[in-house]
Amino acid sequence: MRAEVNRSPPVFTIEGSKVPANGLVADPESKSYTFDEVIDIIGFGRTTWHIFIASSVIMMAVLNETMGISIVIPAAQCDLQLSATDKGLLTGVSFAGIIVSSHFWGYIADTKGRRRTLIVSLLLTAVCALVSGLSVNYGMMVVMRFLVGVFISAPSATIFAYLGEFFKTASRTLVITYASVAVGLSAVFTATTGWYVLSFTWSLAIPGTELVLKPWRVLFFVYTLPTLIGACWLMMLPESPKFYLSRGRESEAFAVLLRLYLENHPHATVEDFPVKHITPEPGQKDRSSTIPKGSSGWRHVASSVWNQTVPLFQRPNLVNFTICCVVQFGLFVVSAGMGLWFPDIINRLTASNVLDATVCEALDVSMQTDFAVDELEETIQIVQGVCVDTINERVFMYAITLGGLYTVLYLAMSVLMRLLGRKCLVAFNLFFSGIAGLALQFVDHPYVTMALFCSFLVFAGTSISILNGATVSFFPTNVRAMAVCLSLMMGRLGSVFGSNLVGLIMEDNCTLTFNLFACGSIICAILTLMLPS
């Protein structure tokens, strides 16, 4: 397989002297197809469905591993003797792991392959998650959850590139949005299973160890099931053919495309597959002659990482990449940063028993009441020596409700995208999110307040997957995973920044908090309009 240079435009074709096992032989006079035309020929069939569903399961696994810990922590606080600070660190340590490893995994996915990176990282995630469920102290739990973040960082971004590269450019964002329904289902799954498993009160001491099995430990195993299922499923699926083409491995790309064609068309034969030449995408180079052979050592690795990253900061990628990173940061600030406080804020609003009050007025009353109540409860617990590890059922109900809203809205976004286009849809979502956040300052009806608060979070949150799908389309194959990983790294930084900002200023200036977050959504909406259609 080599890149033909004696034709215009250049094409990837099959070398006549190297007839592959599938029997395809290049005809110099045959038509050269673009990759999108090849995908049209292959169609949407059994294997494509497997790729789509497996990718959805992996998206669900990512949310399980990063957000499920917020349900486990309250149930584990007595066994691990967690302070409020400890619980805060455990909630965010996975995000820290994602942030520090995103660049590395982007490089690995772009140079070693999407599928291989996903399988290895998912298996390592599962091992660390299962071990964290057996933690006997706080230090062990922190280390294992950090490692979970390090390894789940790869599928959290790479899965978008992997799934998108099996579909033509025009439909990638739409397909990724449909698959992202798994994000909402993950919230429903973690809350429902958590509600059920934590309703039991049994315990089982393991002889000869400090370990005592309890329902919260079993919950870690339940949350890890999608991770293991996704890894095993990927072992039966092919690598991205676009990745092979970007690395100069055309024979393997043709083999994957032929496999997809035959599996999607059960009655077809090898001779029925018309593709013998593929025209490279704009900006794609034949890398077969540029990949060093036998290179090793840290200097080579550092040089390779640098060369893989630099194109994102050069024209024509620089502007789009910068906007994607800034908007991703803003999306996570609102949806995850404020979202982590959603159960607590709603719990305070419902407990305040204040009628005809805005959200900030109700929160002020709640905080004053909580201060007196917390002092009393702390005194009682010190005297009685009691540690409470039960979880209010309202927490599960709120999580299930929010997950249901995400699921419904992702389905609605998939329909609206056909009418508005991805750029206008993301801009509309962010603008509506910002308006909802600003309106919270003036609405005093409890049900309207709840609806606006949910809209504030959910419309920003659903835009994350749409932007990821757009990012997959904006950048060439050889830097695509790196672009998604780095933009999502900025997003994770946004979630950490947002959650800490709420903790720092919400109690002192509630109005300022909501205004800052709402204005951030509106600014991101304006930036989104500067992206390509």
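Computed from a predicted structure; not experimentally measured.

Calculation criteria
- Residues numbered from 1 in each chain as written.
- Predicted model: local features only at pLDDT ≥ 70, side-chain atom pairs only at ≥ 80, totals over all residues.
- Heavy atoms only, no water.
- Helix = DSSP H or I, 4+ residues; strand = E, 2+ residues; numbered from the N terminus.
- Buried < 20%, exposed > 50% of the residue type's maximum accessible area, 1.4 Å probe, protein only.
- Contact = heavy atoms within 4.5 Å.
- Areas by Shrake-Rupley, 256 points an atom, 1.4 Å probe, with all protein chains shown as cover.
- Polar contact = N/O pair within 3.5 Å; in protein donor to acceptor, adjacent residues only side chain to side chain.
- Core = buried A, V, L, I, M, F, W, Y, C linked by side-chain atoms within 4.5 Å.
- Expected span 1.5 Å × (residues − 1).
- Patch = residues over 30% accessible without salt bridge, like charges linked within 9 Å, V, L, I, M, F, W, Y side chains within 5 Å.
- Salt bridge = Lys/Arg side-chain N within 4 Å of Asp/Glu carboxyl O.
- Phe/Tyr/Trp six-rings, centres within 6.5 Å; stacked < 30°, edge-to-face > 60°.

A look at the overall build of the protein chain
Secondary structure assignment for the protein chain yields 20 helices and six strands. Expressed as a percentage of its 533 residues, the buried residues of the protein chain come to 54%. The long-range share in the protein chain, meaning contacts at least 24 apart out of those at least 6 apart in sequence, stands at 80%. On the protein chain, roughly 23300 Å² of surface is accessible, and the fraction owed to carbon and sulfur atoms is 66%.

Looking at the environment of Glu165
Within the secondary structure, Glu165 is located in the loop between helix H6 (138–164) and helix H7 (169–179). We classify Glu165 as buried; its relative accessible area is 0%. Taking C-alpha positions, Glu165 is 7.6 Å from Pro241, a pair spaced 76 residues apart along the chain.

Overview of unusual backbone geometry
Although it is not a glycine, Gln81 adopts a positive phi angle of roughly 55°. Relative to the helices and strands, Gln81 is located in the loop between helix H3 (69–76) and helix H4 (84–112).

Side note on the side chain of Ser335
Residue placement: Ser335 occurs in helix H13 (residues 318–338). For Ser335, a relative accessible area of 12% puts it in the buried group. A polar atom in the side chain of Ser335 sits 2.8 Å from the backbone oxygen of Leu331. Setting aside its immediate chain neighbours within four residues, Ser335 contacts Tyr406, Leu457, Ala460, Gly461 and Ile464.

A word on the side chain of Ser102
By secondary structure assignment, the location of Ser102 is in helix H4. Using a relative accessible area of 2% as the deciding quantity, one classes Ser102 as buried. One polar contact links Ser102 to Ser153, side chain to side chain, over a distance of 3.3 Å. For Ser102, the contacting residues outside a window of four places in its chain are Ser153, Cys485 and Met489.

Side note on the nonpolar core
Leu163, Met338, Phe453, Phe456 and Phe514 are the most contacted members of the largest nonpolar core, which totals 125 residues. In this view, Phe514 contacts Met338, Val359, Cys360, Leu363, Gly437, Leu440, Gln441, Phe453, Phe456 and Met506; residues no more than four positions away in its chain are not counted. Leu80, Val93, Tyr138 and Ala191 belong to the second-largest nonpolar core, a separate cluster that totals 21 residues.

Some points on helix H8 (residues 181–197)
Between its first and last C-alpha, H8 extends 24 Å over 17 residues, near the 24 Å set by a 1.5 Å rise per residue. Turning to H8, its buried residues number three or more, namely Val181, Ala182, Val183, Gly184, Ser186, Thr190, Ala191, Thr193, Gly194 and Val197. Residues of H8 that are buried sit in contact with helix H2 (46–67), H3, H7, helix H9 (215–234), helix H16 (393–420) and helix H18 (446–474).

Some points on helix H5 (residues 114–132)
The first and last C-alpha atoms of H5 sit 27 Å apart over 19 residues, in line with the 27 Å expected at 1.5 Å per residue. Those residues of H5 that sit buried are Arg114, Thr117, Leu118, Ile119, Ser121, Leu122, Thr125, Ala126, Cys128, Ala129 and Ser132.

Overview of a nonpolar patch on the surface
On the surface, Leu123, Leu130, Leu134, Phe221, Leu228, Met235 and Met236 cluster together into a nonpolar patch covering about 550 Å² of accessible area. Listed by contribution, the elements that provide at least two residues to the nonpolar patch are H5 and H9. The residue Leu228 is located in helix H9 in this model.

Here we look at the packing of aromatic side chains
Two aromatic rings, taken as a pair, are described by how far apart their centres are and by the angle between their planes. Under the counting rule described, the total for this entry stands at 17 aromatic pairs. An angle of 40° between the planes, with centres 5.8 Å apart, marks the rings of Phe329 and Phe497 as tilted. Taken together, the positions of Phe329 in helix H13 and Phe497 in helix H19 (residues 477–505) put the pair 168 residues apart, joining distant regions of the chain. Since its relative accessible area comes to 24%, Phe329 is described here as partly exposed. The structure contains a cluster of three or more aromatic residues connected by ring pairs, namely Phe44, Trp49, Phe52 and Phe167.

Quick look at the pattern of salt bridges
Here the structure, examined in full by the defined rule, presents seven salt bridges. For Arg145, the salt bridge identified is with Glu65, shortest N-O distance 3.7 Å. With Arg145 in helix H6 and Glu65 in helix H2, this residue pair connects regions lying 80 residues apart in the sequence. A salt bridge links Lys214 to Asp79; the shortest N-O distance between them is 2.9 Å. Of this pair, Lys214 sits in the loop between strand S5 (212–213) and H9 while Asp79 sits in the loop between H3 and H4, and the two are 135 residues apart along the sequence.

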